[in-house]
Amino acid sequence: MIQSSDNALTIAYNPAASGLEIRSPLWQSLSIGPLRPGLAVNGERLHARGFRLEESQQERMRLAADFVSGPVCLRLEQAVEQAGGDCLRLASALVNTSEQAVTLRAVQLLAIEARQGGIARLSENPATVRIFKQGGYWAQVGSLFGQAARAGTDGETGKQGNVQHSSQICWAGYDLASRMALAVGFETAERWSGHIALKAAEGRHPEEWEIGFAGGDLRVEAGERLALEDVLLLAGPDPWRLLESYADRVAERHGVQALPESPVSWCSWYPFRLGVTEGRMLENARIAAERLKPLGLSIMEIDLGWERDYLPNAFEENGQFPHGLAWLADRLKEMGFLLGTWKAPFTISERDPLCGEHPEWLLGSEEQKPLPQGQWFWEPHGETFALDLTHPEARNWLRQSIRSLAARGVRYLKPDFIGCVGDGRMTDRFDRRIVAGGGTEAARLGLEIIRQEMTDGHPEALVLNCGGPELPGKGRFPLLYTCNDTGNTGYVGWPHLAEDYGQNVAGHLFKHRRWGILQPSCFCAGLPGTLEEARVRATATFMSGGQVDIGDNLSLLPEDRWQVIYATLPPLGIAARPVDLFDPIAASSLSYEAMCRGDNKDDLGMEAPVGSRVWHLPVDAGWDRWDLVALFNYDWPSPDSGGAGQLITRYQLPLERLGLDPEGVYWAYEFWSGQFLGQIPCAWQNPGGYVHPGDTQTLISTRTPGVLEAAFFGPSVKLLALKPVRPHPWVAGTTFHQSAGCELKNLSWNPQGLLKGELHRPAGHQGSIVLAGIARPPASAEVAGRSVPLRTGANGSLILPVTTLSDVTKWSVRWPM
């Protein structure tokens, strides 16, 4: 038996069942086994013969299994070992002991099957289990039997109500009853892309569970020993911490060093799509140089629309860029920007001459070569094919193409749809000793070429991973696209944003600065969407900590939307924690009629929301520390069944879920409204505990110690800054930056009654610094050496209005002593 150093997880060999069992001394209901390996070779599924323990030591045990079918004979060697802390590692290698080469179709590193008496028990009651699963652009947490998991009729058993879950790269199962979790993730993905999958009948524990990957029809020579991908397993009470720990181990294994800062860029796609032109790029660049470069914007990227015939794999400019990329790069450099471009270099259009001239450079399947991968959505449409990166001449074409971009001054590249070469159907390729379809090896060859050609002699160049292998490894890019496209404001709808931010982005936040800098798609703040939608998008972008990729036509942007963009820059660089991703917080809906009656109870009921709606980010500004809490509400107001008016959503969040002292007293400030909310728990209440709709003007109506209670209408977002109450005047928040104060420096309180500091924002910005803890009126206030009037704000706060005249603006407020 091998046990993790923290004693939370054990993997033991059961000789009676000839398999491994996963258990936890801290989690009595956890039991997965018996687990055995499996293979699919030459189109035939093989079962292990004599899966056996060969050596067992305190920190490592070695196992082996034989797979025999006619002349085919293979041996799978495995080791389970301590990987430090809360981690165990499974390392595997396959040896072809046959006298002939074989074709590897699939590998089950460990699996249980119902017909062999297997079971994956994560709880006493499977209804309390929540499953985390994810892929490149998506993530999801839901109950074991949630709607998204339903598979309908099972093709083998014919039974209704079966559910299945399959996750790429990593997976977690969390039991709400025991408050324990198991996380499993691949530590490497150099040649294959792993998955973790399970299947269960409705209301029962899973009877199928596996860790494995498609073999990609790799040719394995006689006598060859093939290293497979390594897997990490962790257990503990906090599923999110397990995912972070897993990501840390992967980063350490691959020597990842994240960029020191999250970049800020501008992208042409949503404002212009195929209508982008040289003139439009320069017009937006001139505005960006004035208004956004001081806040960190450094890249102007031309998305699809600049290339010959709008073809995804064309590298020549079209007539919309008459002076060429090199000329444009020089003009942007004069303004202080780098030129970026979009390309889909692995997607070959049937309308490009390359398709007809070199069909041997394209991937195929067993039935068809080349195999179409689908119609190109945009003009000029037509079929597309995947580039065969196992072919040396195809790789040379890619190298020359990317080199030409670098030679023309491109210093930021967004290579899109690069996951197409890993499509499991695409197994017919030039070199069968390299994994293409069903794996990552061929893709990594292409990514490494892109990385080398973009950065050779240009260390400032950046590349964004759009759909390639997520795990670090060969060809790793510093930026990681992490959700479905956000779309133009107004059109895509709130359900799309709820899924994209509340599930997809939330489920990837643990990777930020571990595997790369996340990019949560384009940040669009302009029309035709509402101001509240712009704020929701801005908050999710800011709280992700990643790259801010602005997607608006700056020449048309209204001033209220400029303020939203200003508030998002520069990025804070650290990612929030989705507090309720695994364990939903209490939420209720209140009707106007019920509250008018004085009823403060949830009279209509409300299902737990899907995805995460509460994100938490601790902030350290040097002069103070506080906690940012984003409350997302994606729900449309709708009349209740009795016609009693609109429903308001109320969140009830225990402070201990934020790591805060439940007995503590805190100031609360809401950023987007600039409203000081007073303290929690609330110091006021109506006579006799009376409740009515006017109470929600306060937003925060917490009266119970240890609970943050907020009620507001959606769709909208509230961004709260929580600070321990001070015995003297202090800053509760600001209106300049979503951090609510990181733009302030050198802040201090003098016992003689002087509060002073510096505001670091570009000249010409206007906003306020909101002060709390005001026991008596101040004597004076100054901004940039000039006397300014103070305004009375909500809940006894003071508002200090500030207009910046330079990049550093000194301010002070003095009280009589």
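This text follows the structure it describes.
Residues numbered from 1 in each chain as written. Predicted model: local features only at pLDDT ≥ 70, side-chain atom pairs only at ≥ 80, totals over all residues. Heavy atoms only, no water.

> Just give me the short version of the environment of V410, but keep the residues and values in it.
The residue V410 is located in strand β28 (residues 410–415) in this model. Sequence separation of V410 and K474 is 64 residues, and the distance between their C-alpha atoms is 22 Å. Ignoring anything within four residues of it in the chain, the contact list for V410 reads L325, L339, G340, T341, L405 and M454. (Helix = DSSP H or I, 4+ residues; strand = E, 2+ residues; numbered from the N terminus. Contact = heavy atoms within 4.5 Å.)

> Explain the pattern of salt bridges residue by residue, including any values.
Applying the stated criterion across every chain yields a total of 43 salt bridges. Between E448 and R451 there is a salt bridge; the shortest N-O distance is 2.6 Å. Of the two residues, E448 and R451 both sit in helix α7 (residues 441–455), 3 residues apart, roughly one turn of that helix. For E448, a relative accessible area of 13% gives the class buried. (Salt bridge = Lys/Arg side-chain N within 4 Å of Asp/Glu carboxyl O. Buried < 20%, exposed > 50% of the residue type's maximum accessible area, 1.4 Å probe, protein only.)

> Mind laying out the side chain of R761, listing which residues take part and the relevant values?
Inspection of the secondary structure puts R761 in the loop between β45 (754–760) and β46 (766–772). Here R761 is buried and forms no salt bridge, its nearest opposite-charge partner E743 lying at an N-O distance of 5.7 Å. In this structure the side chain of R761 is engaged in a polar contact, spanning 2.9 Å, whose partner is the backbone oxygen of L569. Those residues within four positions of R761 in sequence are excluded, and the remaining contacts are L295, Y566, A567, L569, P570, F736, H737, E743, T804, S806, D807 and V808. (Lys, Arg positive; Asp, Glu negative; His and termini not counted. Polar contact = N/O pair within 3.5 Å; in protein donor to acceptor, adjacent residues only side chain to side chain.)

> Can you explain empty space enclosed by the protein? Please cite residues and give values.
Taken as a whole and assessed by the stated rule, the structure comprises 2 cavities of 30 Å³ or more. A volume near 60 Å³ is recorded for the largest cavity. Along the walls of the largest cavity sit R444, N465, P469, E470, L471, G475, R476, F477, L479, L480 and W515, which together make up its complete lining. Per-class residue counts for the lining of the largest cavity are 6 nonpolar, 2 polar and 3 charged. Quantified by volume, the second largest cavity comes out at close to 30 Å³. If you trace the second largest cavity, you find it lined by G136, Y137, N465, G467, G468, E470, L480 and Y481. Here the residues of the lining of the second largest cavity sort into 3 nonpolar, 4 polar and 1 charged. (1 Å grid on protein atoms, 1.4 Å probe; cavity = no way out; pocket = protein on both sides within 12 Å on 5 of 7 lines; lining within 4 Å. Points joined across faces, edges and corners; volume = space filled by probe spheres on them. Nonpolar A, V, L, I, M, F, W, Y, C, P; charged D, E, K, R; others polar.)

> Quick one: what's the story with the packing of aromatic side chains, residue by residue and with numbers?
Aromatic ring pairs are defined here through the distance separating the ring centres and the angle between the ring planes. In this structure the tally under the stated criterion is 27 aromatic pairs. Plain terms: the ring middles of W749 and W815 are 5.9 Å apart, the flat faces sit at 65° to each other, and that makes the pair edge-to-face. Of this pair, W749 sits in strand β44 (residues 744–750) while W815 sits in the segment after β51 (808–814); the two residues are 66 residues apart in sequence, bridging distant segments of the chain. On the basis of relative accessible area, W749 is assigned to the partly exposed category, the value being 23%. Among the aromatic residues, those joined into a cluster by ring pairs are F132, Y174, W240, Y246, F510, W515 and F582. The residue whose ring lies beneath K343 is F315, and the NZ or CZ to ring-centre distance is 5.4 Å. (Phe/Tyr/Trp six-rings, centres within 6.5 Å; stacked < 30°, edge-to-face > 60°. Lys NZ or Arg CZ within 6 Å of the ring centre and 35° of its normal.)

> Residue-level account of the layout of surface pockets, with values.
Put simply, the largest pocket is a space of about 790 Å³. What lines the largest pocket is a set of 36 residues, and nearest its centre among them are I418, G419, C420, D423 and G467. The residue inventory of the lining of the largest pocket, partitioned by class, reads 14 nonpolar, 18 polar and 4 charged.

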